[in-house]
Amino acid sequence: MNLYDDALLVLKQYEDPADPDTDQEQLRRVYLDHLARHPDGMWKACEAGHLTASALVVDPERGRVLLTLHRKLQMWLQMGGHCEPDDATLAAAALREATEESGISGLTLLSGGPVALDRHPIPAPCHWHLDVQYAALAPHGATAQISDESLDLRWFTYDEVAEVADASVVRLVARTRAALDGGR
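Worth saying up front: this structure is predicted, and the values here are computed from it rather than measured.

Calculation criteria
Residues numbered from 1 in each chain as written. Predicted model: local features only at pLDDT ≥ 70, side-chain atom pairs only at ≥ 80, totals over all residues. Heavy atoms only, no water. Helix = DSSP H or I, 4+ residues; strand = E, 2+ residues; numbered from the N terminus. Rg over C-alpha atoms; globule rule 2.2 N^0.38 Å. Core = buried A, V, L, I, M, F, W, Y, C linked by side-chain atoms within 4.5 Å. Buried < 20%, exposed > 50% of the residue type's maximum accessible area, 1.4 Å probe, protein only. Contact = heavy atoms within 4.5 Å. Expected span 1.5 Å × (residues − 1). Arc of directions from axis to C-beta. Axes fitted to C-alpha atoms, helices over the stretch in contact; angles between N-to-C directions. Parallel < 35°, antiparallel > 145°, perpendicular 65-115°, else oblique. Left-handed = near helix turned anticlockwise from the far one by under 90°. Nonpolar A, V, L, I, M, F, W, Y, C, P; charged D, E, K, R; others polar. pLDDT = per-residue confidence, 0-100. Phe/Tyr/Trp six-rings, centres within 6.5 Å; stacked < 30°, edge-to-face > 60°. Lys NZ or Arg CZ within 6 Å of the ring centre and 35° of its normal.

### What to know about the overall build of the protein chain
Each helix and strand in the protein chain was counted, giving 5 helices and 8 strands. The secondary structure elements of the protein chain, listed N-terminal to C-terminal, are α-α-β-β-β-β-α-β-β-β-β-α-α. What you see for the protein chain is a C-alpha radius of gyration of 15 Å, in line with the 16 Å of a compact globule of 184 residues. Based on the C-alpha atoms only, the size of the protein chain along its principal axes is roughly 45 × 35 × 30 Å.

As structure tokens, this is what we get:
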């Protein structure tokens, strides 16, 4: 199975447990339609948009998440980015990005697959990022190290996120907390 096939499988299996008619279900259909129309829809070169993979790094014991102040966008975001040819799965891409950008080894993805989907516009020549969002659990005592892609890297309590991040990150934190509490 290649990355494209894995993405199709992940998206076909993805569902919002709270309500099957939510924005998440609509996004899931948008992602699947995009891949059906664009065999290159996994890659940055696809100008109509492409899938990306991200992971919110969580320390549930301390009730906090690690966010990066993105160098180009100058926004506090979860770790994530473009899929690469060596990524076997979306989950592997998300874990690779989270590890690279956080400097934390030993991250593990929360079981059950992605916790959210988020579609956002990006500057030309491409038009859209179709982000598949996971949650990554930090090992006990994890120490983060800033990467070249970040201006800053910082832990925030769940409640602090709304003060620094946009609505998409706030939603991701809420959906991750629900998944941690067994609300999938």
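Anyway, onward from the coordinates.
### Observations concerning the nonpolar core
Core analysis: the biggest nonpolar cluster contains 33 residues, and M42, L51, V57 and L90 have the highest contact counts within it. Of all the secondary structure elements, the ones that give two or more residues to this core are helix 1 (3-13), helix 2 (23-37), strand 1 (50-59), helix 3 (90-102), strand 7 (128-137) and strand 8 (150-157). Here L51 is in contact with A7, L11, H34, L35, G41, M42, C83, L90, L130 and V132, once residues within four sequence places are set aside. In this structure, V65, L69, A135 and V173 belong to the second largest nonpolar core, which totals 19 residues.

### As for helix 3
The end-to-end C-alpha distance of helix 3 is 18 Å, a good match for the 18 Å that 13 residues give at a rise of 1.5 Å each. Where helix 3 is buried, its residues meet helix 1, strand 1, strand 2 (64-70), strand 4 (79-82), strand 7 and strand 8. Positive backbone phi, at 75°, marks G103, one or two positions downstream of helix 3.

### Here we look at helix 5 (residues 167-180)
An ideal rise of 1.5 Å per residue puts 20 Å on 14 residues; helix 5 measures up with 20 Å between its terminal C-alpha atoms. For helix 5, every residue scored as buried is listed here: S168, V169, L172, V173, T176 and A179. Down the axis, helix 5 shows its buried residues gathered within 140° of arc, on one side only. Here the buried face of helix 5 lies against strand 1, strand 2, strand 3 (76-77), strand 6 (116-121), strand 7 and helix 4 (161-164).

### Things to note about the packing of helix 1 against helix 2
Between two packed helices, both the angle of their axes relative to each other and the distance between the axes serve to describe the pair. In the contact formed by helix 1 and helix 2, the axes pass within 10 Å of each other and the chain directions differ by 155°. Of the possible angle classes, the one that applies to helix 1 and helix 2 is roughly antiparallel. Of the two elements, helix 1 crosses helix 2, and the hand of that crossing is left-handed. Contacts between helix 1 and helix 2 pair Y4, A7, L8, L11 and K12 from the former with R28, Y31, L32, L35 and A36 from the latter. Of the residues assigned to the contact of helix 1 with helix 2, the class counts are 8 nonpolar, no polar and 2 charged.

### Thoughts on the environment of D148
Mapped onto the secondary structure, D148 falls in the loop between strand 7 and strand 8. It is 8.1 Å that separates the C-alpha atoms of D148 and R71, two residues lying 77 residues apart in sequence.

### A look at the confidence of the model for the protein chain
Taken residue by residue, the protein chain gives an average pLDDT of 92. The fraction at 70 or more is 96%. Element-level mean pLDDT values for the protein chain span from 91 in strand 6 up to 98 in strand 5 (residues 108-109).

### Let's talk about the packing of aromatic side chains
Within this structure, the stated rule accounts for 1 aromatic pair. Judged by centre distance (5.0 Å) and plane angle (80°), the rings of W76 and F156 are edge-to-face. You can see W76 sitting in strand 3 and its partner F156 sitting in strand 8, a full 80 residues away along the chain. Neither W76 nor F156 differs from the other in exposure class; each is buried. The side chain of R64 reaches across the aromatic face of W155, ending 4.1 Å from its centre.

### A short note on the side chain of Q78
Examined against the element boundaries, Q78 turns out to sit in the loop between strand 3 and strand 4. In this structure, Q78 is in contact with S54, A55, L56, L67, T68, D131, Q133, V169 and L172, ignoring residues within four places of it in sequence.

### Points about the environment of E47
In this fold, E47 is placed in the loop between helix 2 and strand 1. Each C-alpha atom, one on E47 and one on S168, is 23 Å from the other, the two residues being 121 residues apart in sequence. Residue contacts for E47: discarding those within four places in its chain leaves P125, C126 and H127.

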